[in-house]
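So the chains spell out like this:
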Amino acid sequence: MAKLILSMDGLVLKEIPLTKERMSIGRKASNDIQIDNLAISGEHAAVVTILNDSFLEDLNSTNGTLVNGQPAKKHFLKNGDVIELGKYKLKYIAEQVHHAEAADFEKTMVLRPNAMRPPPEAQPQAAAPVDGKNSFDDTQSGKPEPAAPTAPVAPAAAAAPAAGAIQILNGANAGRELELTKTLTTLGKPGVQVAVIARRPHGYFITHVEGKQYPVLNGQTVDAQAHQLADHDVIEIAGIKMEFFLKN
């Protein structure tokens, strides 16, 4: 689990595990991480964590937020990054991720036309397979057939979610499909509005990442929390409407 180490003037004050998907930082007591200092805004910043990735968002604070000494409005956190709020520092420590797993993340795909495939052409429908039947019926014979030896049955694995995809409904890419094969798929327009769709063992979830406007799901604006997607949900991000659906 990723964590933040809070310090001031080189003195470590506390270690904060990132146990929630969204953890707010600020002077008010309502924040998940409260830092009672006048240089810090009431609601200064937030850290959003999805699976093994975290990103920082400055919440239009008065004095701003630095990451590794540079002003940051939105920053994808890497292991060892140092967030600075006034005299306080928060060092981001990420859990170790296997290389093969890390390679499964996609953080830069933002509605690129070449990342989408055109609508599939109509294909002739194949005949449905017919279930075969035994060539004999044990109930009609004098004695039952001996049972064939069976291999040990392995424990059932957790069911994987059905493969998901989105189809663009308007704009220049209308009709195109984008398969959600990555653990994280980023959608939107950087600097305007960005959201991510996370593929989890129990389904697909959409989370707001960047921009004053939040995504619209089936005509309703969502909040900062992750929302699970259902088959044929209609999403609107940065003026682009798209339909989420599960592939058979």
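Everything numeric here is computed off the predicted structure, so don't read it as measured data.

Q: Even after reading the chapter, I still don't get the overall build of the protein, so can you show me in this structure?
A: Counting its secondary structure elements, the protein contains one helix and 21 strands. Excluding contacts between residues fewer than 6 apart, the proportion of contacts in the protein whose partners are at least 24 apart in sequence is 43%.

Q: Sorry if this is basic, but what is going on with the pairing of strand β16 (residues 203-210) here?
A: Each regular strand displays side chains that alternate between the two surfaces of the sheet. By the criterion of burial, β16 is predominantly enclosed, with seven of the eight residues buried. The sheet contact formed by strand β15 (residues 193-200) and β16 spans seven bridges and is antiparallel. Pairing of Ile197 across the sheet is with Ile206, part of β16. Counting the residues that bridge the hairpin from β15 to β16 gives two residues. One ladder, built from two bridges, connects β16 with strand β19 (residues 227-228); its direction is antiparallel. Bridge pairing in β19 links Phe205 to Gln228.

Q: Mind showing me how you'd approach unusual backbone geometry here?
A: Note on backbone geometry: most residues besides glycine have negative phi, and most peptide bonds are trans. Even without a glycine there, the phi angle at Asn218 is positive, about 55°. The residue Asn218 is located in the loop between β17 (216-217) and β18 (220-221) in this model. Look at Asn218 and you get partly exposed, because its relative accessible area is 44%. At His232, a position not held by glycine, the phi torsion is positive, near 75°. With respect to the helices and strands, His232 occurs in the loop between β19 and β20 (234-237). Take His232: its relative accessible area is 49%, and that puts it in the partly exposed class.

Q: When you look at the nonpolar core in this model, what are you seeing that I'm missing?
A: As a rule of thumb, nonpolar side chains are buried together in soluble globular proteins. Judged by nonpolar contacts, the single largest core of 22 residues is most densely connected at Leu4, Ile83 and Leu90. Listed by contribution, the elements that provide at least two residues to this core are β1 (3-8), β3 (22-26), β5 (45-50), β10 (82-85) and β11 (88-93). Element by element, the count of residues in this core is highest for β11, at three residues. Those residues in contact with Ile83, other than ones at most four positions away along the chain, are Leu4, Leu56, Thr65, Leu66, Val67, Leu77, Tyr88, Lys89 and Leu90. With 18 residues, the next largest nonpolar core counts Ile206, Leu217, Leu229 and Phe244 among its residues.

Q: Help me out: how do you make sense of the environment of Asn79 in this one?
A: As for its placement among the helices and strands, Asn79 is situated in the loop between β9 (74-76) and β10. Looking at Asn79, the relative accessible area reads 47%, which means it is partly exposed. Along the chain, Asn79 and Ile93 lie 14 residues apart, while their C-alpha atoms are 5.1 Å from each other. Reaching out from Asn79, the side chain makes a polar contact with the backbone nitrogen of Ala94 at a distance of 2.9 Å.

Q: I'm lost on the side chain of Asp81 in this one. Help?
A: Position of Asp81 among the secondary structure elements: in the loop between β9 and β10. One polar contact links the side chain of Asp81 to the main-chain amide nitrogen of Lys78, over a distance of 2.8 Å. Excluding its chain neighbours within four sequence positions, the residues that come into contact with Asp81 are Val67, Asn68, His75, Phe76, Leu90, Lys91 and Tyr92.

Q: Looking at this structure, how should I read the pattern of salt bridges?
A: Opposite charge on two side chains makes pairing possible when the charged atoms of those side chains draw close. Inspection of every chain in the model, using the stated rule, returns seven salt bridges. Between Lys247 and Glu179 there is a salt bridge, with its nearest N and O atoms 3.3 Å apart. Of this pair, Lys247 sits in the segment after β21 (240-246) while Glu179 sits in strand β13 (residues 177-179); the two residues are 68 residues apart in sequence, bridging distant segments of the chain. When its relative accessible area of 32% is taken as the criterion, Glu179 is described as partly exposed.

Q: Would you explain the sheet that holds strand β7 (residues 66-67) in this entry?
A: Where strands meet in a sheet, backbone hydrogen bonds hold them as pairs that are either parallel or antiparallel. A sheet is described by the order of its strands in space; here six strands give the open sequence β2-β1-β11-β10-β7-β8, paired in antiparallel fashion. The sheet is open, and its two edges are formed by β2 (11-17) and β8 (70-71), each paired on a single side. Here six bridges tie β1 to β11, and the two strands are oriented antiparallel to one another. Its bridge partner lying in β11, Ser7 is registered against Lys89.

About the thresholds
- Here the residue numbering is sequential within each chain, running from 1 through the sequence in written order.
- Residues qualify for local features only when their pLDDT is at least 70, as the model is predicted, and side-chain atom pairs are given and counted only at 80 or more; totals for whole chains, interfaces and linings, by contrast, use all residues.
- Only hydrogens and water are set aside; all other atoms, that is, all heavy atoms of the structure, feed into the side-chain values.
- The helix and strand labels rest on DSSP assignments: H or I over at least four residues marks a helix, E over at least two residues marks a strand, and numbering proceeds from the N terminus.
- We call two residues in contact whenever any of their non-hydrogen atoms come within 4.5 Å of each other.
- Buried, partly exposed and exposed residues are distinguished by accessible area as a fraction of the type maximum, computed with a 1.4 Å probe on protein chains only: under 20%, between the cut-offs, and over 50%, respectively.
- Any two strands with at least two DSSP bridges between them are considered paired.
- Take the buried residues of types Ala, Val, Leu, Ile, Met, Phe, Trp, Tyr and Cys, join any two whose side-chain atoms come within 4.5 Å, and each joined set is a nonpolar core.
- Think of a polar contact as two N or O atoms within 3.5 Å of one another; within protein, one of them needs to be a possible hydrogen donor and the other a possible acceptor, and neighboring residues in sequence only count if both atoms come from side chains.
- Put simply, a salt bridge is a Lys or Arg side-chain nitrogen that is within 4 Å of an Asp or Glu carboxyl oxygen.

Coordinates in, geometry out; function isn't part of it.
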